[in-house]
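Fold and contact review
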Amino acid sequence: MVEHFTHGALTPAVAYAVSVIGSFVGLMFAARARNTRGAGRGTWLVFSALCLGGTAVWSMHFIAMLGFHVPGLAIRYDPALTVASGLLAVLAMGLAQYLTVIRRGTGWLLAGGAIAGSGIVAMHYLGMASINMHGHLGHDPLFVGLAGAVALLAATAALWFTQRLRGVVSILLASLVMGVAVTSMHYTGMFGVHVTVDETRNPGTVPGSTAPELLLPLVVGLFVFLLVCSLLLMLGVDDSEPRRASRTARRDDRPAPAPALPGGEKGRYTARHSTGSAWDRPA
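Residues numbered from 1 in each chain as written. Predicted model: local features only at pLDDT ≥ 70, side-chain atom pairs only at ≥ 80, totals over all residues. Heavy atoms only, no water.

**A few points about a nonpolar patch on the surface**
On the surface, a nonpolar cluster with roughly 360 Å² of combined accessible area is contributed by Val169, Leu172, Leu173 and Leu176. Secondary-structure assignment places valine 169 in helix H6 (residues 168–190). (Patch = residues over 30% accessible without salt bridge, like charges linked within 9 Å, V, L, I, M, F, W, Y side chains within 5 Å. Areas by Shrake-Rupley, 256 points an atom, 1.4 Å probe, with all protein chains shown as cover. Salt bridge = Lys/Arg side-chain N within 4 Å of Asp/Glu carboxyl O. Helix = DSSP H or I, 4+ residues; strand = E, 2+ residues; numbered from the N terminus.)

This is the structure:
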């Protein structure tokens, strides 16, 4: 029997909170990228991909896996495959955001959603492939398809948020929705997992690292990274404000139109009553 909530509601609650925080910081970086020109835009996009792919998706998955347990079986994780799954999520989100923010357009949005959704699904099942145990891990195709559909919708929604949203309140609400979508995708795929115990395998030490052994550096690195990202958001200059200020300054610097003077065009005065010179008068 497979258990997904060994620690009760704690693991899904913490996983959801981490996904929301990663989504919020990532969408804030995406908003900065949208309002920036030049090399600075690429920097904001990189940080956004790291937060969305690395924190909102990959870290959420790994924290939720702390509740995964098969009675009577030791579970270990291959560190190389675990890290590779995280890099895959970050690369997929980075490419998708490039298409959405730089290229723009509905077609690029859908293409980016397909890339990001596929990357999220690949990350999930590559992470599952990193599990070592004295048994065989299988997946129900129905739940795999449902998880893929949820991932596709969640990724497309995230990219749409990246294109459209402005303001902290809107981005916070979008982050709450994204947290629900990403967490739902994870548990939809996990509900289709089944394990067959291998009775013939020699019951020795299972290779790999335990979940807590990987969790400690993950948590420490996660909080340090989010702290640095928060500082960058607070200290970084959003150049949309200078652009608006420069446009206002240009408008203010324009010369005021000359007032219309009586009896003629703007800036030109024509006397109403002209006596002329003595030479012009008739004799």
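**Brief notes about the packing of helix H2 (residues 39–64) against helix H7 (residues 211–235)**
Put simply, H2 and H7 touch, their axes get as near as 11 Å, and they point 150° apart. Our classification of the angle between H2 and H7 gives roughly antiparallel. Between H2 and H7 lies a crossing whose hand is left-handed. Here H2 contributes Trp44, Phe47, Leu50, Cys51, Thr55, Trp58, Ser59, Phe62 and Ile63 to the contact with H7, which in turn contributes Ala211, Leu214, Leu215, Leu218, Leu222, Phe225, Leu226, Cys229 and Leu232. Residues of the contact of H2 with H7, tallied by class, amount to 16 nonpolar, two polar and no charged. (Axes fitted to C-alpha atoms, helices over the stretch in contact; angles between N-to-C directions. Parallel < 35°, antiparallel > 145°, perpendicular 65-115°, else oblique. Left-handed = near helix turned anticlockwise from the far one by under 90°. Contact = heavy atoms within 4.5 Å. Nonpolar A, V, L, I, M, F, W, Y, C, P; charged D, E, K, R; others polar.)

**Some remarks on empty space enclosed by the protein**
In total, this model carries two cavities of 30 Å³ or more according to the counting rule given. In this structure, the largest cavity occupies an estimated 60 Å³ of space. Within the residue set of the lining of the largest cavity, elements represented by two or more residues are H2, helix H5 (141–164) and H6. Among the residues forming the lining of the largest cavity, the class breakdown is ten nonpolar, no polar and no charged. (1 Å grid on protein atoms, 1.4 Å probe; cavity = no way out; pocket = protein on both sides within 12 Å on 5 of 7 lines; lining within 4 Å. Points joined across faces, edges and corners; volume = space filled by probe spheres on them.)

Spatial relationships are all this shows, so hold off on functional conclusions.
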